[in-house]
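Working through the structure, step by step
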Amino acid sequence: MENIGYYNGKTAPIAEMMIPMGDRSVYFGDGVYDATYSVNHIIFALEEHLDRFYNSCRLLDIPAPMPRDELRATLYDCVRKVDDPDQFVYWQCTRGTGIRDHAFPEGSSNLLIYCRPCKMKDMNERYRLITMEDKRFFYCNVKTLNLIPSVLASQRAKQAGCQETVFHRGDLVTECAHSNVSILKDGVFITHPLDDLVLPGISRKHLLEICREKEIPVEERDYTLEELRTADEIIVSSSGAQCMAACELDGQPVGGRDPMLLQILQAACRAKVRRETANA
């Protein structure tokens, strides 16, 4: 198949799949999700994504749709049904189906999966960024379906001819619309600490691991818009864009002042993907 959709045990091409009007995602966005990529039909960093997915379910009191081993097998079953070996792999769990009522419904949760051909981004590309006040609520550490602020920010970036929007609360940088953002300054990798203002990104975690392996100093702390603008490099990281450097912020040139350290991080990211998705 060119792509695959899954909903509570039924699979078909994505265009043929439908969900009930009573699914809690329709009225409330009442659910959580996670996503990663497959390379050579091998799902990259799956265990870490499953950790985050089940933690998101726990934080919102949403019953997990199935045991971890069963979900892992179901995801692989979907991935193997798609002809292209390089795919975007997405799954979400909603609180169930019922008549619209803010209180929790009785019954089990719903599981939706889709897989479509898609490659990870080329890290040789440099991003153009804009900034925007972060008006989201305080569950940013949960990968929830409530993404309206991120949707609006992503559209604003698109209209500006940019690839991402950097959120800030007052003068403090948090993250991007659908990525984490970190900086390199004087040989130090600086990133916002994990709290309820940012998502615990898997690629962010990998970058921190790489820094420690290569003895690159790390600071997990608040940093300001001014530090962002004057950084040696601005790094945007997500599952499909693991270590993307920026060349522009709000129309002004940025970065490009520590290409050697940037190349070390990007090369290590590429090596990790190759190592973990190599055909046995």
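For the structure itself, look to the data block above.
What comes next concerns the included structure. (Residues numbered from 1 in each chain as written. Predicted model: local features only at pLDDT ≥ 70, side-chain atom pairs only at ≥ 80, totals over all residues. Heavy atoms only, no water.)

Turning next to the side chain of Asp30. For Asp30, the position within the fold is in the loop between helix H1 (24-28) and strand E3 (31-39). Here the side chain of Asp30 touches Arg24 through a polar contact of 2.9 Å, side chain to side chain. There is a polar contact of 2.8 Å between the side chain of Asp30 and the side chain of Arg95. Excluding residues that lie within four positions of it along the chain, Asp30 makes contacts with Arg24, Ser25, Ile62, Cys93, Thr94 and Arg95. (Helix = DSSP H or I, 4+ residues; strand = E, 2+ residues; numbered from the N terminus. Polar contact = N/O pair within 3.5 Å; in protein donor to acceptor, adjacent residues only side chain to side chain. Contact = heavy atoms within 4.5 Å.)

The next subject is the side chain of Ser203. Residue placement: Ser203 occurs in helix H5 (residues 202-213). Its relative accessible area of 6% is what places Ser203 among the buried residues. There is a polar contact of 2.8 Å between the side chain of Ser203 and the backbone oxygen of Ser238. (Buried < 20%, exposed > 50% of the residue type's maximum accessible area, 1.4 Å probe, protein only.)

For strand E13 (residues 233-237), the tally of buried residues reaches five of five residues, placing the bulk of the element in the interior. Taking every second residue as pointing to the same face, both faces of E13 are buried, with Glu233, Ile235 and Ser237 on one and Ile234 and Val236 on the other. Here strand E10 (residues 180-185) runs beside E13; their pairing, made up of five bridges, is antiparallel. Bridging from a neighbouring strand, Ser182 pairs with Ile235 of E13. (Pairing = 2+ DSSP bridges.)

At a minimum axis distance of 11 Å, the contact between helix H2 (residues 46-59) and helix H3 (residues 68-81) shows a crossing angle of 125°. By the angle between their axes, H2 is oblique relative to H3. The handedness of the crossing between H2 and H3 comes out as right-handed. Taking contact as the criterion, the partners of Leu46, Glu47, Leu50, Asp51, Phe53 and Tyr54 in H2 are, on H3, Arg68, Leu71, Arg72, Leu75 and Tyr76. (Axes fitted to C-alpha atoms, helices over the stretch in contact; angles between N-to-C directions. Parallel < 35°, antiparallel > 145°, perpendicular 65-115°, else oblique. Left-handed = near helix turned anticlockwise from the far one by under 90°.)

By the definition in use, this model includes 22 salt bridges. A salt bridge links Arg136 to Glu175; the nearest nitrogen and oxygen atoms lie 2.7 Å apart. Here Arg136 is found in the loop between strand E7 (126-133) and helix H4 (148-159), whereas its partner Glu175 is found in strand E9 (residues 172-176), with 39 residues between them in sequence. Judged by its relative accessible area of 11%, Arg136 falls in the buried class. Taking relative accessible area as the criterion, Glu175 reaches 4% and is therefore assigned buried. Each of Glu47, Asp51, Arg68, Asp69 and Arg72 takes part in salt bridges that share partners, so that together they form one network. (Salt bridge = Lys/Arg side-chain N within 4 Å of Asp/Glu carboxyl O.)

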